[in-house]
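Read off the chains here:
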Amino acid sequence: MSRRKIIKTLFYYATAFLPLTSIAQITIKATKLETSSERVTSAVTVITREEIENTDATTLQQLLQSKASIFIGQSGQIGAASSLRLRGLPTGFSKVLIDNIELTDPTDINNSYQINHINLDNIESIEILKGSQSILYGSNAIGGVLKINTKKGIKSSRVSAEYGSYNTAKVAAQTSGHMERLSYGFNFSYLHSDGYSSVNEDRLTNAEADSYKNLSFSLNTSYLINNQLELNYQAQFIDSEIEIDGFNFAPPFNPIDVADNDLNKYNQYNNFLSLNYNSADERFTLTPSIRYSTIRREDPQGFTPLFRGEETDLKLDATYEFSKNLNSFYGVQYLKQDDLTLGNYSELFSLYTTFNYAYKDWFSDIGLRFDKFSTFNLNTIASFGLGYNFTRELSLKGHLSSGYKLPTLYQIANQLEMLDPTDSINSELTLSYKKITYQAELTIFNYDLKNQIDYDTINMGYLNITKSQIQGIEFNFNKEFQNSFSIATSVTIQKATNKITDSDLARTPEALASLELGYQINDNQSISNWWQYVGKREDFGSMPSYVIGNINYEYQNLNFKIINILDKDYENIRYYGTMARSYFLGYKLDF
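Quick caveat, the model's predicted, so the values are computed rather than measured.

*Asks:* Looking at this structure, how should I read empty space enclosed by the protein?
*Replies:* If you roll a probe as big as a water molecule over the atoms, it shows you where there is empty space left. Within this structure, the stated rule accounts for 9 cavities of 30 Å³ or more. There is about 280 Å³ of room inside the second largest cavity. Gln-133, Leu-136, Thr-354, Asp-365 and His-399 are the residues nearest the centre of the second largest cavity, which is lined by 23 residues in total. Contributions of two or more residues to the lining of the second largest cavity are made by helix 4 (134–137), strand 21 (344–359), strand 22 (362–373) and strand 24 (394–405). Sort the elements by how many residues they give to the lining of the second largest cavity and helix 4 lands first, with 4 residues.

Written as structure tokens, this is what we have:
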């Protein structure tokens, strides 16, 4: 079936039932202008607090993979290293934020962040802003931005506990509220699991289970000095331990079960401080901020047993409202990354601006960014988006943007010649129909990446030697029925190609689909059922497709989950193990 026929068919069935009420506006904070979702020209998905509360997901990875164009590869059991792939782009090409803290790892080969360490307990909402967002977020944002908003200011407190298969136990406490001028949010959680073998047990004999521990807390506070000044401080701390397995680096390159000296430790501490000024007429804001992050990783089985890194991020952001129809954002940034293990560092100086304009049923945005990096003088990128609201429910929007990804400290330390940034051009077109109880959205997207940094296996070092193209269609649909029944589904069809070798990009499924069914039995009981399809993909040869499903039942404060209800024997990433049919019982108390 041609792409045109696919689009027509999906949209025809999506618009088969139309309710009469209008959709409520949602403000997107990831645009940094807190723009209404109706005026964002990029494709955007918002996961609300209600969705998070009602999900059968036990991890952030499971929650995200119910959305279009997201595939997360996990190398083994609970807590193992995870790679976020948005719209088929490689790991490290999409940025993750918690509130105002950009999560990166300066010691990582791809400068990516492992989202497996983030828990669901304190999340208020999640915004997935797709397409290149390099104008505002710089490197690592070609695929898009995943912004996690935590609870703050809203008066609520919760304690929760969960226990299940693999002797997995989790306790968490969360509280948020305000006291006169102070707003706060605090979360603490501890997770322990005996786990299962990181390497697929079917590939080994007498495989040892690999355990996981995670201790984390986060703090989000703001103090209103006066009507125009607000001081904000945020902190995050993660301390985790996980047992790992390995591979033989000589023929036949088979996986091995490591039983001794296999404890991998991960420690990250993030601090963020900002002062927000808001003019009396509320048309001008000014926000100086500083972020300081440290990371320490111990990998006894790796070539480098200890990694230590630091990141210092200074910003001065400003917004100005010329009129109700025209808003603007300006920023200047200094970013320094240090790899204390390799003994090298990088510096980045940036200037960027965006303008959002709306006139009657038209809306648009334009952006420009200039960067000066340690290894090159000037890099310039731009973006432009345009949209039109045919009615209050039906809209069409398009977005064209350039983006880039800087060479990482690891790549610079192992470069064969001076590395330039990876360049990209992203184009997308989105048709959406949205109402309160019904939403359907269809997006066509294309990425062209050139000058891509890759490892030269012959000369054993990094060069700008790769070109890639990623094309796809993503479709989202959800509907709530009057009988307390809801349905949500997403479908992604994509093709990711290495243009130099004419081969498929690794670990990029050709198709993704999810289906979530929910039913509110009565005021005290609800049940939800989630299914995911992952299509064929390349990973040291062709990997087969698979279907997995979960189910969640809630009665008052209790919930019971069954993960992988079909007891599917599958591999998310070649050689690595996945969870067999598992059972979890949880309890939460709000006060």
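*Asks:* Just to check I follow, could you spell out the pairing of strand 14 (residues 229–243) for this structure?
*Replies:* Within a regular strand, the side chains alternate between the two sheet faces. Sheet analysis places strand 13 (residues 212–224) next to strand 14, joined by 13 bridges and oriented antiparallel. Residue pairing in the sheet places Thr-221 in a bridge with Tyr-233 of strand 14. What sits between strand 13 and strand 14 in their antiparallel hairpin is a turn of 4 residues. One ladder, built from 15 bridges, connects strand 14 with strand 17 (residues 263–278); its direction is antiparallel. Pairing of Glu-243 across the sheet is with Leu-263, part of strand 17.

*Asks:* Got a minute to help me understand the nonpolar core in this structure?
*Replies:* One broad rule of soluble globular proteins: the nonpolar side chains tend to lie buried together. In this structure, Leu-60, Leu-63, Leu-64, Ile-115, Ile-118, Ile-126 and Ile-128 are the most contacted members of the largest nonpolar core, which totals 27 residues. Within the residue set of this core, elements represented by two or more residues are helix 3 (60–64), strand 4 (70–74), strand 5 (82–86), strand 6 (94–98), strand 7 (101–103), strand 8 (123–130), strand 9 (144–150) and strand 17. Formed by 10 residues, the second largest nonpolar core is a distinct cluster that contains Ile-78, Ile-244, Ile-563 and Phe-584.

*Asks:* What is the right way to look at the sheet that holds strand 9 in this model?
*Replies:* Backbone hydrogen bonds hold the strands of a sheet together, and the pairing may be parallel or antiparallel. Sheet architecture is open: 5 strands sit in the order 3-8-9-6-7, paired in mixed fashion. The open sheet has two edge strands with one neighbour each: strand 3 (44–47) and strand 7. Within the sheet, the average angular offset between the axes of one strand and its neighbour, ignoring direction, is 20°. Sheet topology note: the strand 8/strand 9 ladder contains 7 bridges and is antiparallel. Bridged to Ser-125 within strand 9 is Asn-149.

*Asks:* I tried to follow the packing of aromatic side chains on my own but got confused; where do I start?
*Replies:* Between two aromatic rings, the relevant description is the distance of the centres plus the angle of the planes. Summed over the entire model, instances satisfying the criterion amount to 21 aromatic pairs. An aromatic cluster of at least three residues, connected via ring pairs, comprises Phe-186, Phe-217, Phe-237 and Tyr-269. The lysine or arginine in question, Arg-297, covers the ring of Phe-307, its NZ or CZ lying 4.3 Å from the ring centre. Here Lys-336 stacks its cationic end above the ring of Tyr-345, 4.8 Å away from the centre of that ring.

*Asks:* Please explain unusual backbone geometry as it appears in this structure.
*Replies:* With glycine set apart, most residues show a phi of negative sign, and most peptide bonds adopt trans. Despite not being glycine, Glu-282 shows a phi value in the positive range, around 60°. Mapped onto the fold, Glu-282 is located in the loop between strand 17 and strand 18 (284–298). One non-glycine residue, Arg-507, adopts positive backbone phi at about 55°. By the element assignment, Arg-507 lies in the loop between strand 29 (503–504) and strand 30 (511–520).

*Asks:* I'm lost on the pattern of salt bridges in this one. Help?
*Replies:* Charged atoms that come close allow side chains of opposite charge to pair. All told, the structure shown has 20 salt bridges when counted by the stated rule. A salt bridge links Glu-474 to Arg-87, with the nearest nitrogen and oxygen atoms 3.1 Å apart. Within this pair, whereas Glu-474 is found in strand 27 (residues 461–480), its partner Arg-87 is found in the loop between strand 5 and strand 6, the two being separated by 387 residues in sequence. Judged by relative accessible area, which is 0%, Arg-87 ranks as buried. One salt bridge connects Arg-369 with Asp-371, and the closest N-O pair in it is separated by 3.1 Å. The exposure class assigned to Asp-371 is buried, which follows from its relative accessible area of 0%. Sharing partners across several salt bridges, the network here consists of Arg-87, Lys-130, Glu-428 and Glu-474.

*Asks:* Whenever I open this one, the side chain of Asp-371 confuses me. Can you help?
*Replies:* Assignment of secondary structure puts Asp-371 in strand 22. There is a polar contact of 2.9 Å between the side chain of Asp-371 and the side chain of Tyr-404. Apart from residues lying up to four places away in sequence, Asp-371 is in contact with Leu-348, Phe-349, Ser-350, Phe-376, Asn-377, Leu-378, Asn-379 and Tyr-404.

*Asks:* Help me understand the side chain of Ser-176 in this model?
*Replies:* Of note, Ser-176 is situated in strand 11 (residues 168–179). Looking at Ser-176, its side chain comes within polar contact range of the side chain of Gln-174, at 3.4 Å.

Thresholds applied
Residues numbered from 1 in each chain as written. Predicted model: local features only at pLDDT ≥ 70, side-chain atom pairs only at ≥ 80, totals over all residues. Heavy atoms only, no water. 1 Å grid on protein atoms, 1.4 Å probe; cavity = no way out; pocket = protein on both sides within 12 Å on 5 of 7 lines; lining within 4 Å. Points joined across faces, edges and corners; volume = space filled by probe spheres on them. Helix = DSSP H or I, 4+ residues; strand = E, 2+ residues; numbered from the N terminus. Pairing = 2+ DSSP bridges. Core = buried A, V, L, I, M, F, W, Y, C linked by side-chain atoms within 4.5 Å. Buried < 20%, exposed > 50% of the residue type's maximum accessible area, 1.4 Å probe, protein only. Axes fitted to C-alpha atoms, helices over the stretch in contact; angles between N-to-C directions. Phe/Tyr/Trp six-rings, centres within 6.5 Å; stacked < 30°, edge-to-face > 60°. Lys NZ or Arg CZ within 6 Å of the ring centre and 35° of its normal. Salt bridge = Lys/Arg side-chain N within 4 Å of Asp/Glu carboxyl O. Polar contact = N/O pair within 3.5 Å; in protein donor to acceptor, adjacent residues only side chain to side chain. Contact = heavy atoms within 4.5 Å.

Keep in mind these numbers describe shape, not what the thing actually does.
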